[in-house]
Amino acid sequence: MNPQAKLVFTLSLLLGTTLTISSNHWITAWAGLEINTLAILPMISKSHHPRAIEAATKYFLTQATASALVLFSSMNNAWHTGQWDITQLTHPMSCLILTSAIAMKLGLAPFHFWFPEVLQGSPLITGLLLSTVMKFPPMTLLFMTSHSLNPSLLTLMAILSTALGGWMGLNQTQIRKILAFSSISHLGWMAMIISYSPKLTLLNFYLYALMTTTVFLTLNSIKVSKLSILMTTWTKIPSLNAMLLLTLLSLAGLPPLTGFLPKWLIIQELTKQDMIFAAMTISMLSLLSLFFYLRLAYCATITLPPHTSNHMKQWHTSKPTSTSIAILAVMSTTLLPISPMIYAMV
């Protein structure tokens, strides 16, 4: 892609995100979402491969539908209450429509079907943007309207997302699809707690974005897109593969790694709210995700590749690991001891 065009699209992404997260009026928030959608589309389809074009088309249709629902929800609320303020969403029908629209924007079940397909058709760096930056504006809208939304509906969608995200990721061999189902599963944890502790949802999102960024940048650095290729990369940059193992276990939520912190706090908050059954259900369902994280970690570091012409060992490279990946990897695995400070800051 032309560097000037890439700069324009990147600045548009920053503009759209900033516009949405800083606005109080529904129209400006909607405009920010539209700018974001239009800026990411060329990045998805830049390879001109049929799969990339298909991914861009699916993304456009889904996001256009979700944006129309956001606009319809806000207009319906303004019609009944006279309020265009985002925090003043009080009409029940508007709240229901907005929940569906945000779920579609984020890829929450049962509106999750587009996300794995779009991520599979996108380059790794674009996939990273779709999994983190593009989810931030809808998450902000969810945060600002959380007091108005139906907790029972969000809990149902959260459990469904965690179940489907774990279940559908079990038999995948494409790493981008596995990370897409991982994202759906994590969104379930965020949706579960948004009505009771919105700040905890944001903390979960920040830590998820940190760990996912580390995984995507590592995979991009070692040029891996399938499990069969991942099995041969341990000879290429051994230290990076070791950090990938720890980051994947952190993403799974195993103690004493960083990813354990949000799950621990969410289960604690659900227990305080007397939602013992919901806490038990979502904890058990996260074991499904744990399986495919362990599978990825096993393939990345422990498995010896078959000695065939199709799976030759890759040359050990002397190229140093990127400083940003090193810093992100350390943060993705070692933040648990300072969790009281992190929680106090949020």
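All values reported here derive from a predicted model rather than from experimental measurement. (Residues numbered from 1 in each chain as written. Predicted model: local features only at pLDDT ≥ 70, side-chain atom pairs only at ≥ 80, totals over all residues. Heavy atoms only, no water.)

Undergrad: What am I meant to see in the overall build of the chain here?
TA: Looking only at helices and strands, the chain features 16 helices and zero strands. The C-alpha atoms of the chain give a radius of gyration of 20 Å, which matches the 20 Å a tight globule of 346 residues would have. Per-residue burial over the chain gives 53% buried out of 346 residues. Between the averaged position of the 17 positive side-chain charges in the chain and that of its 6 negative side-chain charges there is a distance of 19 Å. (Helix = DSSP H or I, 4+ residues; strand = E, 2+ residues; numbered from the N terminus. Rg over C-alpha atoms; globule rule 2.2 N^0.38 Å. Buried < 20%, exposed > 50% of the residue type's maximum accessible area, 1.4 Å probe, protein only. Lys, Arg positive; Asp, Glu negative; His and termini not counted. Charge placed at Lys NZ, Arg CZ, Asp CG, Glu CD.)

Undergrad: What should I look at first to understand the UniProt feature "transmembrane region" (unreviewed entry) in the chain in this one?
TA: The feature "transmembrane region" (unreviewed entry), as annotated in UniProt, sits at residues 59-79, 91-115, 152-171, 178-197, 203-222, 243-264, 276-304 and 325-345 in this numbering. Counted over residues 91-115, helix gives 68% and strand 0%. Its end C-alpha atoms are 29 Å apart. (UniProt positions renumbered as here; feature names shortened; annotations may be inferred.)

Undergrad: Quick question: what am I supposed to make of the nonpolar core here?
TA: Across soluble globular proteins, you tend to see nonpolar side chains buried next to one another. Among the nonpolar cores identified, the biggest contains 95 residues, and Ile-40, Tyr-59, Leu-130, Leu-219 and Leu-230 are the most heavily contacted of them. Looking at this core, you find at least three residues from each of domain 1 (1-106) and domain 2 (125-132 + 147-307 + 320-345). If we ignore the near neighbours within four places in the chain, the residues touching Ile-40 are Leu-13, Tyr-59, Thr-126, Leu-129, Leu-130 and Met-134. (Core = buried A, V, L, I, M, F, W, Y, C linked by side-chain atoms within 4.5 Å. Domains from an automatic or database assignment. Contact = heavy atoms within 4.5 Å.)

Undergrad: Mind showing me how you'd approach the packing of helix H10 (residues 198-221) against helix H15 (residues 323-334) here?
TA: The description of two packed helices rests on the angle between their axes and on the distance between the axes. Axis separation between H10 and H15 bottoms out at 9 Å; the angle between their running directions is 140°. Classified by the angle between their axes, H10 and H15 sit oblique to one another. For the element pair H10 and H15, the recorded crossing hand is left-handed. Residues Leu-210, Met-211, Thr-213, Thr-214, Leu-217, Thr-218 and Ser-221 of H10 form the contact with H15, whose participating residues are Ile-325, Leu-328, Ala-329, Met-331 and Ser-332. Across the contact of H10 with H15, the residue classes tally to seven nonpolar, five polar and no charged. (Axes fitted to C-alpha atoms, helices over the stretch in contact; angles between N-to-C directions. Parallel < 35°, antiparallel > 145°, perpendicular 65-115°, else oblique. Left-handed = near helix turned anticlockwise from the far one by under 90°. Nonpolar A, V, L, I, M, F, W, Y, C, P; charged D, E, K, R; others polar.)

Undergrad: How should I be thinking about the UniProt feature "domain: NADH:quinone oxidoreductase/Mrp antiporter transmembrane" (unreviewed entry) in the chain in this particular structure?
TA: Per the UniProt record, "domain: NADH:quinone oxidoreductase/Mrp antiporter transmembrane" (unreviewed entry) is annotated on residues 23-288. Summarising residues 23-288: 74% helix, 0% strand, and an end-to-end C-alpha distance of 38 Å.

Undergrad: Quick question: what am I supposed to make of helix H6 (residues 124-131) here?
TA: In an α-helix, one turn spans 3.6 residues; hence positions three or four apart end up facing the same way. Counting buried residues in H6 gives seven out of eight residues, a clear majority hidden from the surface. Where H6 is concerned, the buried positions are Leu-124, Thr-126, Gly-127, Leu-128, Leu-129, Leu-130 and Ser-131. In this structure, the buried side of H6 is in contact with helix H1 (3-22), helix H2 (26-44), helix H3 (50-81), helix H5 (114-120), helix H9 (175-193) and H10.

Undergrad: Any chance you could explain unusual backbone geometry here in plain terms?
TA: The general pattern is negative phi for most residues beyond glycine and trans for most peptide bonds. The omega torsion across Ala-109 and Pro-110 is 5°, close enough to zero to call that bond cis. Within the secondary structure layout, Pro-110 lies in the loop between helix H4 (92-106) and H5. Backbone geometry at His-48 places phi at a positive 60°, although glycine is not the residue there. With respect to the element layout, His-48 can be found in the loop between H2 and H3. Backbone geometry at Asp-274 places phi at a positive 60°, although glycine is not the residue there. Here Asp-274 shows up in the loop between helix H13 (260-272) and helix H14 (276-301). Residue Asp-274 is classed as exposed on the basis of its relative accessible area, which comes to 66%.

Undergrad: How should I be thinking about the domain arrangement of the chain in this particular structure?
TA: Many authors give the size of an interface as the accessible area that is lost as the parts come together. Split by domain assignment, the chain resolves into domain 1 (1-106) and domain 2 (125-132 + 147-307 + 320-345). The set of elements that each furnish at least two residues to the side of domain 1 that touches domain 2 consists of H2 and H4. Per-element tally for the side of domain 1 that touches domain 2: the top contributor is H4, with six residues. Per-class residue counts for the side of domain 1 that touches domain 2 are 11 nonpolar, two polar and no charged.

Undergrad: Looking at this structure, I do not really get the pattern of salt bridges. What am I missing?
TA: A side chain with one charge can pair with a side chain of the opposite charge if their charged atoms come near. For the structure shown, the criterion picks out three salt bridges. The partner of Lys-58 in a salt bridge is Glu-117, and the shortest N-O contact between them spans 3.8 Å. Taken together, the residues span a long stretch of sequence, with Lys-58 in helix H3 and Glu-117 in helix H5 at a distance of 59 residues. Where Glu-117 meets Lys-177, a salt bridge forms, and the shortest distance between an N and an O atom there is 3.4 Å. (Salt bridge = Lys/Arg side-chain N within 4 Å of Asp/Glu carboxyl O.)

Undergrad: Sorry, what's going on with H1 here?
TA: Counted at 1.5 Å a residue, the expected span for H1 with its 20 residues is 28 Å, and the 28 Å between its end C-alpha atoms agrees. Three or more residues of H1 are buried, namely Leu-13, Gly-16, Thr-17 and Thr-20. One side of H1 holds all its buried residues, which, seen down the axis, span an arc of 95°. In H1, the exposed positions that point more than 90 degrees away from the buried face belong to Pro-3, Gln-4, Leu-7, Leu-14 and Ser-22. (Expected span 1.5 Å × (residues − 1). Arc of directions from axis to C-beta.)

Undergrad: Help me understand the environment of Leu-119, please; the structure alone is not making it clear to me.
TA: When you line up the elements, Leu-119 lands in helix H5. With 57 residues separating them along the chain, Leu-119 and Arg-176 place their C-alpha atoms 6.1 Å apart. Those residues within four positions of Leu-119 in sequence are excluded, and the remaining contacts are Gly-127, Leu-130, Ser-131, Arg-176, Leu-179, Ala-180 and Phe-216.

Undergrad: Can you help me understand the side chain of Lys-105 in this one?
TA: Mapped onto the secondary structure, Lys-105 falls in helix H4. An unpaired buried charge is present at Lys-105: no salt bridge exists, and Glu-34, the closest side chain of opposite charge, is 4.8 Å distant. Among residues more than four places away in sequence, those in contact with Lys-105 are Leu-33, Thr-37, Gln-63, Ala-66, Ser-67, Trp-114 and Pro-138.

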